[in-house]
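The chain contents come next:
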Amino acid sequence: MSRHLQLTENGKLKHFLSIEGLDKALLTEILDTAESFAGISEHQVKKVPLLRGKTIVNLFFENSTRTRTTFELAATRLSADVLNINIATSATSKGESLLDTIRNLEAMHVDMFVVRHALSGAAHFIAQHTAPHISVINAGDGQHAHPTQAMLDMFTIRQHKKHFEGLKVAIVGDILHSRVARSQILALNTLGVSEVRVIAPKTLLPAHVRSMGVIPLHDMDAGLKDVDVIIMLRLQKERMNSAFLPSESEFFRCYGLTEAKLALAKPDAIVMHPGPINRGVEIASSVADGSQSVILQQVSNGIAVRMAVMTMTMGSRGGMQ
Amino acid sequence: MSRHLQLTENGKLKHFLSIEGLDKALLTEILDTAESFAGISEHQVKKVPLLRGKTIVNLFFENSTRTRTTFELAATRLSADVLNINIATSATSKGESLLDTIRNLEAMHVDMFVVRHALSGAAHFIAQHTAPHISVINAGDGQHAHPTQAMLDMFTIRQHKKHFEGLKVAIVGDILHSRVARSQILALNTLGVSEVRVIAPKTLLPAHVRSMGVIPLHDMDAGLKDVDVIIMLRLQKERMNSAFLPSESEFFRCYGLTEAKLALAKPDAIVMHPGPINRGVEIASSVADGSQSVILQQVSNGIAVRMAVMTMTMGSRGGMQ
Amino acid sequence: MSRHLQLTENGKLKHFLSIEGLDKALLTEILDTAESFAGISEHQVKKVPLLRGKTIVNLFFENSTRTRTTFELAATRLSADVLNINIATSATSKGESLLDTIRNLEAMHVDMFVVRHALSGAAHFIAQHTAPHISVINAGDGQHAHPTQAMLDMFTIRQHKKHFEGLKVAIVGDILHSRVARSQILALNTLGVSEVRVIAPKTLLPAHVRSMGVIPLHDMDAGLKDVDVIIMLRLQKERMNSAFLPSESEFFRCYGLTEAKLALAKPDAIVMHPGPINRGVEIASSVADGSQSVILQQVSNGIAVRMAVMTMTMGSRGGMQ
């Protein structure tokens, strides 16, 4: 159903809600389109007129300055007009249903909703109910998906490894609660890596995790052995000292990425993290700032990937508007 | 005095503060100008350069995401630069008088204030004291006026009924506290409808309501009989269960718009509401979403009407800048 | 070190962090550049394309609507894209270090940070650690510096007095806690005024104030005698009734600027204040609104000075981009 909802009759991207249901060709098209945008942010004039006169709404039901910023920059560099609506802090939205909020914004002739919501499925729900000319991009919904994050990760991997075939990738940390991990696993498997390992204590792994096409491991040393890519997840500190997790120092000892542990991976392995990083909790500063870290490249690539998804869903690939 | 303040020596609109004092010709000019803008929001490139290089300040002393959004979109589609200032949340404004705030913004060479304020008369006060080149638009002041809302309602009525002559209009709900109703009544009478009825319990009608040129009614069935237009007002929930109002269900039973009550109006009657709607309180969902509802068209028309008022007060009608 | 950090190898302005270390020629260049921008805000189209396609980040760790607004307008009138980030209210920034925040924004290919921070030295710290292509402007750091405020004051003085040579300037109020006063004193002395007097109770003067090149005075009547320029400082009300200060009325009696006290200065003396003013606390309304007051001209000049500093640090003087 995700496939059906996300694609037009001609198989073009209409909404970008989830990696689920998208095939390798389409994910590759996103990466190729992003590549064509990657240079723009380094130009003297960082703008192209592809979405001029379009209105893009950052509809954030959950506060996230970082994610909002990357979407705002992507839209601005495409020359779109951006409207930031923070429903969490909006008094007027009280008592109005989500659907009524959407209907009202539609009536203002907006063209795109970039949706962040604490509930899984919120972006799908909006895409199912919005007007036909509007595109919806999921900027993170509950514990479900964060597909633009996954695609910027894929972009970064391809940048360094050229191909996905044959790659061994380890994802380390709180898999259970991570929408980022869920989207990454789907994208990695669709793009054809040879092995996805998830490394976490039992309490932070979903019950039937093998069915996602991954190899679960509880021992980090074994897990990192010979991998090409290490993806560290952010530890949500509010989960610390709960039933899920021991102390920060205990977590770091078992699952923190240190130089010693990094040495177990391939010599040219890259280290990734969706940010913001907790130094000394899930990753040592020397690794985060080290030569194998591509964490800041992920941020740069995030702008290009979001520009790609925005233009593709709006039917503006190749400036054919 | 409102007329004197709102118009230039040549009778052109300078500020838009209130319907009071504006004649039929001028209100009609606003509607005609809005009509010329109505198509722009459906263009591929939703922008005209009429106010390029102008600085429009959304000066909101009262939070209202919805109203701020419509003015921001209207300004953006006219290519103006928008500055959002939320005085309610601004720490620096503490202790500074309203006049000093205005003087400072004037000194920054802004061109327009869109003012929302909890006190009646705030927009008038600013218009009286601001620099000659600046225009002021009232985006709602206390219980006094909300003239752009009234004009988008008139636009919507004309869209469906072609003429105002001969129309019977019913306004239902909390007339006493409603700046929207006050502005609507003035506009409807100026534009020459044949009858304006206000329908509410005694506690929610002003004391000398007949002097406003309306027929007060307490019985909704009688009130809706044969009307062409039904305007439902939003019930301010904070007034519920006070001296003014019985319970929500009791209010809905007496003054909520149901399909049965709607059947008392003319068969082609339209149903309006300024939003956001309280489903099941002042209006049944089946009516709000029904074929006679034009509630979302009101929202669309709001952008066009605000573009009209912005260009007219800035002397940019017809792109003659 | 400030000089070294602020200038390129060719002696051009790279960052604008402090008046310290900048020579008379460079301050004069800022004033001359600002003069070329002063007319733009009075044009029909208040925009020049000098910074089109550049991304300027208002990075405010301390809330200040007024200062943020002037920088936003300056950037907008240079056609730059502005990103407002209010770290004080940003939940996502929790736990992320200042340096990680900067690194992430750099990775998004922004071009300038306008920094406001409660800690002295924050803007310097960012300038020291940021990427080579990024410029940093200090919009106020702790009790250290507020150099754009000082330069708009210098601009206003030159506008009225033509030359700095021979001028006597009095700064009145809480010198001890004022970053504005600190920057003003440096600028006035660098530009060659003949005398800078600071007038305040002992509790509000720094310990070794004479070493800053000023004459400290506790008696306002003696201090204002024959001066050309009077700069009143804003009294931070939260310091009132503390160990530093007597009551408001007592302060006004001793150090408030009244018409009687103003009469002690030269007949053509100008009255300045960085705003927002506390009427009846540090300045009488009749003086603030009187013919010798240039307080609102300071605000206007603030836009031009910030446009100058933005283009100079970005290497865009004279549109030579």
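Here we summarise the structure given alongside this text. Computed from a predicted model, the values in this text were never measured in an experiment. (Residues numbered from 1 in each chain as written. Chains lettered and ligands numbered in written order. Predicted model: local features only at pLDDT ≥ 70, side-chain atom pairs only at ≥ 80, totals over all residues. Heavy atoms only, no water.)

1. Comments concerning the sheet that holds strand 9 (residues 270–272) of chain C
All names here are of chain C.
Point 1. Strand order across the open sheet formed by 5 strands is 7-6-5-8-9, with parallel pairing between neighbours. Across the chains shown, the open sheet's two edge strands, defined by having one partner strand only, are strand 7 (215–217) and strand 9. Mean inter-strand twist for the sheet, computed between neighbouring axes without regard to direction, equals 20 degrees.
Point 2. The pairing of strand 6 (residues 195–199) with strand 7 spans 3 bridges and is parallel. Residue pairing for strand 7: V198 is matched across the bridge by P216.
Point 3. Here helix 7 (residues 179–191) sits on the sheet and contacts strand 5 (168–172), strand 6 and strand 8 (229–232); the angle it forms with strand 5, its principal contact strand, is near 175 degrees. (Pairing = 2+ DSSP bridges. Helix = DSSP H or I, 4+ residues; strand = E, 2+ residues; numbered from the N terminus. Axes fitted to C-alpha atoms, helices over the stretch in contact; angles between N-to-C directions. Contact = heavy atoms within 4.5 Å.)

2. Comments concerning the environment of N189(C)
Residues and elements named next belong to chain C.
Point 1. By secondary structure assignment, the location of N189 is in helix 7.
Point 2. Overall, N189 belongs to the partly exposed group, its relative accessible area being 32%.
Point 3. Each residue touching N189, except ones within four places of it in the same chain, is listed here: V196, M212 and G213. (Buried < 20%, exposed > 50% of the residue type's maximum accessible area, 1.4 Å probe, protein only.)

3. So, the environment of A308(B)
Residues and elements named next belong to chain B.
Point 1. With respect to the helices and strands, the residue A308 is situated in helix 12 (residues 295–313).
Point 2. According to the relative accessible area criterion, A308 is buried, its value standing at 0%.
Point 3. Spatially, the C-alpha atom of A308 lies 9.9 Å from that of L78, the residues being 230 residues apart in sequence.
Point 4. Residues contacting A308, with those up to four places away along its chain left out, are I30, T33, A34 and F37.

4. Comments concerning the packing of helix 6 (residues 147–161) of chain A against helix 12 (residues 295–313) of chain A
Residues and elements named next belong to chain A.
Point 1. Packing of helix 6 against helix 12 brings their axes to within 8 Å, and their N-to-C directions diverge by 115 degrees. Once helix 6 is placed against helix 12, the crossing between them reads as right-handed. Where helix 6 abuts helix 12, its residues T148, Q149, M151, L152, D153, F155, T156, Q159 and H160 lie against Q297, Q298, N301, G302, V305 and R306. (Left-handed = near helix turned anticlockwise from the far one by under 90°.)

5. Quick look at the relation of the copies chain C and chain A
Point 1. Superposing chain C onto chain A requires a rotation of 120 degrees together with a translation of 0.0 Å along the rotation axis, leaving an RMSD of 0.0 Å. Considering both components of the superposition, the chain copies are consistent with a three-fold axis. (Least-squares fit on C-alpha atoms with pLDDT ≥ 70 in both.)

6. Some details on the pairing of strand 3 (residues 112–117) of chain A
Residues and elements named next belong to chain A.
Point 1. With 6 of 6 residues buried, strand 3 lies mostly within the body of the structure.
Point 2. The alternating pattern of strand 3 places M112, V114 and R116 and F113, V115 and H117 on opposite faces, both of which are buried.
Point 3. The pairing of strand 1 (residues 55–60) with strand 3 spans 5 bridges and is classified as parallel. Note on strand 3: the bridge partner recorded for I56 is M112.
Point 4. Handedness of the β-α-β unit built from strand 3, helix 5 (residues 122–129) and strand 4 (residues 135–141) comes out right-handed. (Right-handed = clockwise from strand over helix to strand, strands pointing away.)

7. Details of the interface of chain C and chain A
Point 1. If you look at the interface, chain C gives 25 residues, while chain A gives 25 residues.
Point 2. Summing the contributions of chain C and of chain A, the shared interface buries around 2,100 Å²; its carbon and sulfur component is 51%.
Point 3. At the surface where chain C touches chain A, the tally comes to 3 salt bridges.
Point 4. A salt bridge links K46(A) to D111(C); the nearest nitrogen and oxygen atoms lie 2.5 Å apart.
Point 5. Across the contact surface, chain C and chain A share 11 residue pairs in polar contact (both at pLDDT 80 or more).
Point 6. Sorting the residues of the side of chain C that touches chain A by element identifies strand 2 (81–86) and helix 4 (98–107) of chain C as the ones contributing at least two each.
Point 7. Within the side of chain C that touches chain A, the residues separate by chemical class into 8 nonpolar, 9 polar and 8 charged. (Buried area = accessible area lost by both parts, 1.4 Å probe. Salt bridge = Lys/Arg side-chain N within 4 Å of Asp/Glu carboxyl O. Polar contact = N/O pair within 3.5 Å; in protein donor to acceptor, adjacent residues only side chain to side chain. Nonpolar A, V, L, I, M, F, W, Y, C, P; charged D, E, K, R; others polar.)

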